[in-house]
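Each chain, written out:
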Amino acid sequence: MSNLPTVYLATDERMMMHCCTMLNENGIPACLLGHEGMSNETISNRYQLWEDNHRCMVATHPHEENPSRILAIYRRLMELEDQLLAQVYPWSLLNQRDIEFISPDRRHTLQRFLRLPCIPADREIIELVHSPQHYEFLQSTATMSEHQLQELCVENDLYFNNFTFLAATLAAGAVIECVNAVTDPNTVTPPTTRAIALVRPPGHHAAGNNRSDRYDAQGFCYFNNVAIAAKHVIASGRVSRVFIMDWDIHHGNGIQDLTYDDKNIFYFSIHRGFYPFTGHYNETGEGDAVGTNCNIIWDFGGMGNAEYAEAFRDLVLPAVMSFEPDLILVSSGFDAAEGDFIGDCCLTPAIYYAMTNSLLATAGRDIPIVVVLEGGYNLDVIADCAEGIALALLDEPWKEDKTQYESKTFWSTKSILPVTSSQILQHSNPFSLQRWLSKEPLSLSKKHTLQEEHALWSIKRTAEALRKAECSICK
């Protein structure tokens, strides 16, 4: 057996069938025409998903949240697996396809991504967070006529076809399979406690209180994949405390509303103040759960690596350490990355690597973690960022492991914690929390860019709200 670190990977090509293009005479979406790997039973051969149809899908699908999103990331992860394999077994460079002829037992030991089946989520589990009426509404779309489906698409943040319900239940089911795998009480030494749920449609807006009359669906989201998994894993007795980190550029109003009064779930979001216009800094939870909800809200775009590093150092990592979760769920949108069509921010793949690495280092590298795809709409960008997260989960070094300079703050892919230029060489413990949240105002004595100054101000007001709520991380 190989002792190389591994990560569970859950995805299913049937999620691609949820799209807003017309169906052909056989009931297959036009954007998938010619896709030989399309199957309703199982994900096909790992390379069958990609080549010609990848470009065809981009050209024929008019919506940002489209099937190519999971295709682009899946392809990159498979390429990464081959590259990492080639580093250990150089002979594989001769012919990558030779790997397919190795015995099944031997081939399994070479995999860095352990495939998990995607099973549609049970209604009972989905209804831990969603109403029976919402479940039945989405279920009914599977048999609606094209005209009925078009009448549902009254806004540009949702579309429906006859496969929307299947894709949404598969997405929720994939996240459930991931949390079950990394928290399996019957396995003394699981193969890994880390997983990636490569799913669509996304979920973190679903069931937000500002939703319309379309029950819980909104903002490209139909079932709240992360909230369902969090409630399930606690209800099943697998874990007691779940920390949800949401770095999608949009606030996960659905997750917040579904967990706001649950003291066993800590929800932390860093987002901009646009759609869905929720997630204010003074929303800290209610009842026994006061202090388990935290929002850092950027009032304008342009935020980059240094600003997110500051947020992690001052609030996110202290919150993780104080809450002591049994499981971390990451609502991983990539729309805060540079090049995204919506987010207008400047994160690079290296900071996604660093944020993931720091969550692991702070919570403990044996704490189960599941990273779940949310937003992000530039196909090249989301593939780059997902690769960064995967490298961190696989305990692999960052491919450009060097200290970088952003404005007035130095930071390294080895740590989320910015360091001064004089500290770079002697920084012996890159994962230590150098600066905890202080009751003193954050310093603005140094010269900062507009983005850095706004970031410090946003972090400060969130910290003050937590302090007023007597949150434990402020004590």
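For the structure, check the block above.
Residues numbered from 1 in each chain as written. Predicted model: local features only at pLDDT ≥ 70, side-chain atom pairs only at ≥ 80, totals over all residues. Heavy atoms only, no water.

Enquirer: Account for the overall build of the protein, with residues named and values stated.
Expert: Assigned secondary structure in the protein consists of 13 helices and 11 strands. With 475 residues in all, the protein has 59% of them scored as buried. The contacts of the protein with a sequence gap of at least 6 include a subset with a gap of at least 24, amounting to 75%. Accessible surface computed for the protein: about 19000 Å², of which carbon and sulfur atoms make up 50%. (Helix = DSSP H or I, 4+ residues; strand = E, 2+ residues; numbered from the N terminus. Buried < 20%, exposed > 50% of the residue type's maximum accessible area, 1.4 Å probe, protein only. Contact = heavy atoms within 4.5 Å. Areas by Shrake-Rupley, 256 points an atom, 1.4 Å probe, with all protein chains shown as cover.)

Enquirer: Tell me about the sheet that holds strand S2 (residues 113–116), residues and numbers included.
Expert: Pairing is parallel in the open sheet, where eight strands are placed in the order S2-S1-S3-S8-S7-S4-S5-S6. Each edge of the open sheet carries a strand with a single partner, namely S2 and strand S6 (293–298). Recorded for the sheet is a direction-independent mean angle of 15 degrees between the axes of neighbouring strands. Pairing of strand S4 (residues 242–246) with strand S7 (residues 327–332), which is carried by five bridges, proceeds in the parallel orientation. Across the sheet, Val242 pairs through a bridge with Leu327, a residue of S7. This element, helix H7 (residues 164–182), spans strand S1 (7–10), S2, strand S3 (194–197), S7 and strand S8 (369–373) of the sheet and lies at about 175 degrees to S3. Running over the sheet, helix H11 (residues 349–363) touches S3, S4, S7 and S8 and is turned about 165 degrees from S7. (Pairing = 2+ DSSP bridges. Axes fitted to C-alpha atoms, helices over the stretch in contact; angles between N-to-C directions.)

Enquirer: Can you lay out the environment of Val88 for me, pointing to particular residues and giving the numbers?
Expert: Within the fold, Val88 resides in helix H2 (residues 68–88). Each C-alpha atom, one on Val88 and one on Leu110, is 9.5 Å from the other, the two residues being 22 residues apart in sequence.

Enquirer: Run through the pattern of salt bridges, naming residues and quoting values.
Expert: Scanning the entire structure with this criterion turns up 18 salt bridges. The residue Glu396 makes a salt bridge to Arg112 at a minimum N-O spacing of 3.1 Å. Within this pair, whereas Glu396 is found in the loop between helix H12 (379–393) and strand S9 (404–406), its partner Arg112 is found in the loop between helix H3 (104–110) and S2, the two being separated by 284 residues in sequence. The salt bridge partner of Asp262 is Lys231, with a shortest N-O separation of 3.0 Å. One end of the pair, Asp262, is in the loop between helix H9 (253–259) and strand S5 (265–272); the other, Lys231, is in helix H8 (residues 225–235), with 31 residues separating them in the sequence. (Salt bridge = Lys/Arg side-chain N within 4 Å of Asp/Glu carboxyl O.)

Enquirer: Report on empty space enclosed by the protein, specifying residues and quantitative values.
Expert: Inspection of the entire model under this criterion finds three cavities of 30 Å³ or more. Taken as a whole, the largest cavity holds about 90 Å³ of empty space. Contributing to the lining of the largest cavity are Ile73, Ile196, Ala197, Leu198, Ser332, Phe334, Val371, Leu373, Ala386 and Ile389. When contributions to the lining of the largest cavity are tallied by element, the ones reaching two or more residues are S3, S8 and H12. By residue class, the composition of the lining of the largest cavity is nine nonpolar, one polar and no charged. (1 Å grid on protein atoms, 1.4 Å probe; cavity = no way out; pocket = protein on both sides within 12 Å on 5 of 7 lines; lining within 4 Å. Points joined across faces, edges and corners; volume = space filled by probe spheres on them. Nonpolar A, V, L, I, M, F, W, Y, C, P; charged D, E, K, R; others polar.)

Enquirer: Break down the packing of H7 against H8 for me, citing the residues and quoting the values.
Expert: Running from amino to carboxyl end, H7 crosses H8 at an angle of 40 degrees, the nearest separation of the two axes being 9 Å. In terms of orientation, H7 and H8 fall into the oblique class. Regarding H7 and H8, the two cross each other, and that crossing is right-handed. Side by side, H7 and H8 meet where Ala168, Ala171, Ala172, Val175, Ile176, Val179 and Asn180 of the first sit next to Asn225, Ile228, Ala229, His232 and Val233 of the second. Here the contact of H7 with H8 is built from residues that sort into nine nonpolar, three polar and no charged. (Parallel < 35°, antiparallel > 145°, perpendicular 65-115°, else oblique. Left-handed = near helix turned anticlockwise from the far one by under 90°.)

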